[in-house]
Amino acid sequence: MTVPKRIGKIRFGLISPQEFRKMSVVKIITADTYDDDGFPIEMGLMDPRLGVIDPGLRCRSCGGRPGECPGHFGHIDLIAPVIHVGFAKLIRKILRAVCRDCSRLMLKENEKNMYLEQIQTLERLGQMTDDTVNKVFSEARKNKTCPYCGAPQQEIKFERPLSYIEAGHKLTASDIRDRFEKAPDDDIQVMGMNPATARPEWMILTVLPVPPVTMRPSITLESGQRSEDDLTHKLVDIIRINQRFQENREAGAPQLIIEDLWELLQYHVTTFLDNTVSGVPPARHRSGRPLKTLSQRLKGKEGRFRGSLSGKRVNFSARTVISPDPNLSIGQVGVPMDIAMELSVPMIANTRNMEIVKTFVRRGPDRHPGVNYVTRPDQRRVKVTDKNCEEVAEQIDIGWKIDRQLADGDIVLFNRQPSLHRMSIMSHRVKVMPYKTFRLNPAVCPPYNADFDGDEMNMHVPQTEEARAEAEILMRVQENILSPRFGGPIIGGIHDYVTGSFLLTHLRKPIDRRGVMELVKKFEFSELPEPEGVVDGKPYWTGKQIFSLILPRGLDLSFKADFCYNCDVCKGEDCENDAYVVIEDGQLIMGTIDAEAVGAFKGKITDRIIKEYSPSVASEFLDRMTLLALRGIMYAGFSFGIDDEDIPAAAAEQIDDTTRTAREKSQQLIEAYNAGELESLPGRTLDETLEMRIMQTLGKARDTAGKIAGQYLGLDNSGVVMAVSGARGSMLNLTQMAACVGQQSVRGERIMRGYAGRTLPHFRRGDLGAEAHGFVESSYKDGLNPTEFFFHAIGGREGLVDTAIRTSQSGYLQRRLVNALQDLEVKYDGTVKETRGMIVQFQYGEDGVDASRRDYASTDNVKRIIKSVLKKKESA
Amino acid sequence: MSPSAAPSKKKVVLVTKFAVRDHEMVPDHVLLTPEEGVEVLKAFNIVAPQLPKIHINDPAAKEIGAKVGDIIKIVRKSTTAKHSVFYRLVID
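Calculation rules
- Residues numbered from 1 in each chain as written.
- Chains lettered and ligands numbered in written order.
- Predicted model: local features only at pLDDT ≥ 70, side-chain atom pairs only at ≥ 80, totals over all residues.
- Heavy atoms only, no water.
- Contact = heavy atoms within 4.5 Å.
- Buried area = accessible area lost by both parts, 1.4 Å probe.
- Salt bridge = Lys/Arg side-chain N within 4 Å of Asp/Glu carboxyl O.
- Polar contact = N/O pair within 3.5 Å; in protein donor to acceptor, adjacent residues only side chain to side chain.
- Helix = DSSP H or I, 4+ residues; strand = E, 2+ residues; numbered from the N terminus.
- Nonpolar A, V, L, I, M, F, W, Y, C, P; charged D, E, K, R; others polar.
- Buried < 20%, exposed > 50% of the residue type's maximum accessible area, 1.4 Å probe, protein only.
- Pairing = 2+ DSSP bridges.
- Axes fitted to C-alpha atoms, helices over the stretch in contact; angles between N-to-C directions.
- 1 Å grid on protein atoms, 1.4 Å probe; cavity = no way out; pocket = protein on both sides within 12 Å on 5 of 7 lines; lining within 4 Å.
- Points joined across faces, edges and corners; volume = space filled by probe spheres on them.

Participant: Give a detailed account of the interface of chain B and chain A, specifying residues and quantitative values.
Facilitator: The accessible area lost on association of the parts is a frequent measure of interface size. Across the boundary between the two partners, chain B contributes 14 residues, which contact 13 residues of chain A. Carbon and sulfur atoms supply 60% of the area that chain B and chain A bury against each other, a total of about 1000 Å² over both sides. Looking only at chain B, the three residues that lose the most surface to chain A are Phe44, Gln50 and Phe86 of chain B, adding up to 45% of its buried area. The interface formed by chain B and chain A contains 0 salt bridges. Inspection of the chain B/chain A interface yields 4 residue pairs in polar contact (both at pLDDT 80 or more). Considering each element in turn, the side of chain B that touches chain A owes the most residues, 4 residues, to strand S4 (residues 82–91) of chain B. Class assignment for the residues of the side of chain B that touches chain A results in 9 nonpolar, 4 polar and 1 charged.

Now the structure itself:
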């Protein structure tokens, strides 16, 4: 193992012209690359001393072959200095802070000492010096005459991108360089720079380094023509202009032409460094495409940092749209045939599997579990084709490696971004299927936070035994049912699974033999339980009995269901709403199975089974539950339509009454306020009190309206079934659809914005009434009137903006946390340490408990244990 | 800034000094003897610089008279574990 090296120090600075020359292996003087025979020209841009890219050649500098030789820098001597774009702003600052005559920083000696001391203290403490340095620049700029030589200073105007104009004259790069050269070392330190590593004149280039050919390789097209890299093109331009400049200057060309050429040289060097400088037209390729120059290689999403270093492409992976398939196990993933035939798992031929390996190879690449490639022991790869497969199969011997196509039962990693927690990547077993999408059981959507509105997911195929073992032992779906976040099951029924379980198990609806058969036809039960009773000579069963079939034997459990009404005194086993679940010895005695029992994030039954039995039993239970619940919902029949939001005329009237009285009540409050009779609440102003009271009244009105609607909508309403069982939606959603949408708000207050003194021109100024400030009396079903609609849009917009901001903020927060914590590790002694062995926590989480391995330490557990122990004794 | 630091103001509030350790939000700080310190290091199989640090000027450290190189045992109340024990190395 390689020992990690510790970086002692990183020094940042500017490179001096001397250093550029020192690291250069060749001075580049010609813009040509290759001669007619295709050999690189000496002292040209492809000089063999700059490194090698053509196979078979050796580097003239280090003797390395392509791949070994890292490449070597060359240099171009610029005829006239040019400004480095990256430092344009800093050059401006320094130019304004130093004297135009004597080049000294225009601060008094004592000020310099003070600032220098501050900077040195900050540096010693390892803190940012930016603020102090900026202060130095802004203070120095204020002087109109130099405190040292007394020279009057001129205002220096900066014009984007690269012109510095002093009193109407443009400063040339050499003027600026001359000034900077004269600046004394002591002054440079006050400007926050270390004169040994960064002198200001080095921001103006006189020598341009030529990057090695290895970072700008030319490619040979199929036509035999060579195509050069963008950087090479740019360097050619620079050399050409440099030469022309020199020729013109030596010939004594007029000043105007010289200046033009200088400008052009500046342009080319600028775009060589950064081709997206504002104010500089980007240099373009012949085709019109902007060139990708140095800073474009590093910047942005596809740049070196984010694109090549933080994120890389991997082999043996696939990505496609996901869609649901409830017939799959939660631990499976449906893989399209096209993907299965492209991806492969390596197999090494040995004495035991020789025949199997050969049959795979014989199938070729086009018949499904076939072989794409064969690797001989000497590492030569042979592509298996339809034509050569028989022949290759005969050659196979011990030690040959074949790339077998992905087949049913292979283990793969399945992932959905953003990978926020460890359950975002889990291992599944492959099930090869027709069509083009990945298929997964909807019960595993919650850990991935996936839905099927066009989500895509990635799949990776582990290639070594170690990777497969790790995937199988640690990453399987069933090992991840319990979330380490809260210790409960994160995988479980959603939507129709919950509704289905609810419909099946609620009350004791009789189901005849035919119905029972329909419900259990996906299973392999050899016998049915005793019928619950007989009607008209025909036996009948109940949904509770059917559900008991999928529960493991010996399970004892009791809890309140999700739709428990939270009565003042819980009647427990005598609950008349069938909301108290009792399971004894794997038999559902009473109660209704809903989100609390099998749902994702709750799943009391799932949780109990994992802890009492094993994750595999729980995963089997979830598989059976999904199948049974879907049979259950299909047997009952389930739909939701617009008429499910209808309420009887009597209810509508009652609701109208409530909203009317609420409106009147708030009107009374306003009148009391106007008459000065309103008592202010403690700690509130009168205005605030009024607002609060009105909000309260109107809020209560909506709740009452909801309650009235709720009375008329019973469990025969599918919306109510969904809300009550915890499958989807809430009673509030139903209230808003059927009864009254309620008060719209911005930042928790009634809508106050709009015109002077009113929200809309439809109202009088100063109107404090309910309608004028966003109370929506209508229901979604009735439809909103124009003002209501507008207020609703205001409230809705706030919600959208909030979620957009929240996601971006929490994403960044998460990133920072992960970066800070990623190297921490829980050691075998329970301590949390980082890589240097420094202790972070003496006991993981203060108590040393893994949330997903603990059981809730409630008295409920004690009761249950006593009960089951007693029962065992009884039966023994 | 404390009110006593502004003498120009008419109202001067005198702050009685109190022991920070008496405050209910401040956990128990116990100064370990060198022998106890060695025990702790042995128990966790670490060397002293791998411990979390506490500054010599920390009010609680000052109060118990800790010197640089001492180890302080801090016992916090914890909702999950009742008490959680922490050790800190005194540095300057």
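Participant: Go over the pattern of salt bridges with me, naming the residues and quoting the values.
Facilitator: Residue and element names in this part refer to chain A. Across all of its chains, the model carries 47 salt bridges over all chains by this definition. A salt bridge links Lys234 to Asp237; its shortest N-O distance comes to 3.8 Å. Residue Lys234 and its partner Asp237 are located together in helix H7 (residues 230–250), separated by 3 residues, close to a single helical turn. A relative accessible area of 25% means that Asp237 is categorised as partly exposed.

Participant: Explain the sheet that holds strand S29 (residues 832–833) of chain A residue by residue, including any values.
Facilitator: All names here are of chain A. Taken together, 3 strands build an open sheet; the order of strands is S28-S29-S30 and the sheet is antiparallel. Edge positions in the sheet fall to strand S28 (825–826) and strand S30 (839–841), since each has one partner strand and no second. Relative to S30, S29 runs antiparallel, the two being bridged by 2 bridges. Residue pairing in the sheet places Val832 in a bridge with Gln841 of S30.

Participant: Can you lay out the pairing of strand S3 (residues 163–166) of chain A for me, pointing to particular residues and giving the numbers?
Facilitator: Residues and elements named next belong to chain A. The side-chain alternation of S3 yields two buried faces, one formed by Ser163 and Ile165 and the other by Tyr164 and Glu166. Summarising the sheet, strand S2 (residues 156–159) and S3 pair through 4 bridges and their orientation is antiparallel. Looking across to S3, one finds that Glu159 is bridged to Ser163. Adjacent in sequence and paired antiparallel, S2 and S3 are bridged by 3 residues. Summarising the sheet, S3 and strand S4 (residues 169–170) pair through 2 bridges and their orientation is antiparallel. What sits directly across from Glu166, in S4, is His169.

Participant: Before we move on, can you summarise the sheet that holds strand S2 (residues 53–55) of chain B with the specific residues and values?
Facilitator: Residues and elements named next belong to chain B. Across the sheet, which stays open at both edges, the 4 strands sit in the order S1-S3-S4-S2 with mixed pairing between neighbours. The outermost strands of the open sheet, each flanked by one partner alone, are strand S1 (28–31) and S2. Direction aside, neighbouring strands of the sheet carry axes that sit 40° apart on average.

Participant: Please provide a residue-by-residue account of the side chain of Arg750 of chain A, values included.
Facilitator: All names here are of chain A. Along the chain, the position of Arg750 falls in strand S26 (residues 749–750). A relative accessible area of 1% means that Arg750 is categorised as buried. Polar side-chain contacts of Arg750 include one of 2.9 Å to the backbone oxygen of Leu768. The residues touching Arg750, leaving out its near neighbours within four places in the chain, are Glu691, Ile694, Met695, Leu698, Gln743, Gln744, Leu768, Gly769, Ala770 and His773.

Participant: Account for the layout of surface pockets, naming residues and giving values.
Facilitator: All names here are of chain A. A volume near 1900 Å³ is recorded for the largest pocket. If you trace the largest pocket, you find 49 residues lining it, with His421, Arg422, Met423, Pro484 and Arg485 closest to the centre. Elements that contribute at least two residues to the lining of the largest pocket include exactly helix H14 (445–448), helix H15 (465–474), helix H20 (604–612), helix H26 (786–821), S28 and S30. In terms of residue count, the dominant contributor to the lining of the largest pocket is H26 (4 residues). Roughly 1100 Å³ of internal volume is contained in the second largest pocket. Put simply, the parts of the chain that give the lining of the second largest pocket at least two residues each are helix H10 (304–309), strand S8 (317–324), strand S17 (456–460) and H26. Among the elements that line the lining of the second largest pocket, the one with the most residues is H26, at 5 residues. For the lining of the second largest pocket, the class distribution of residues is 5 nonpolar, 13 polar and 7 charged.

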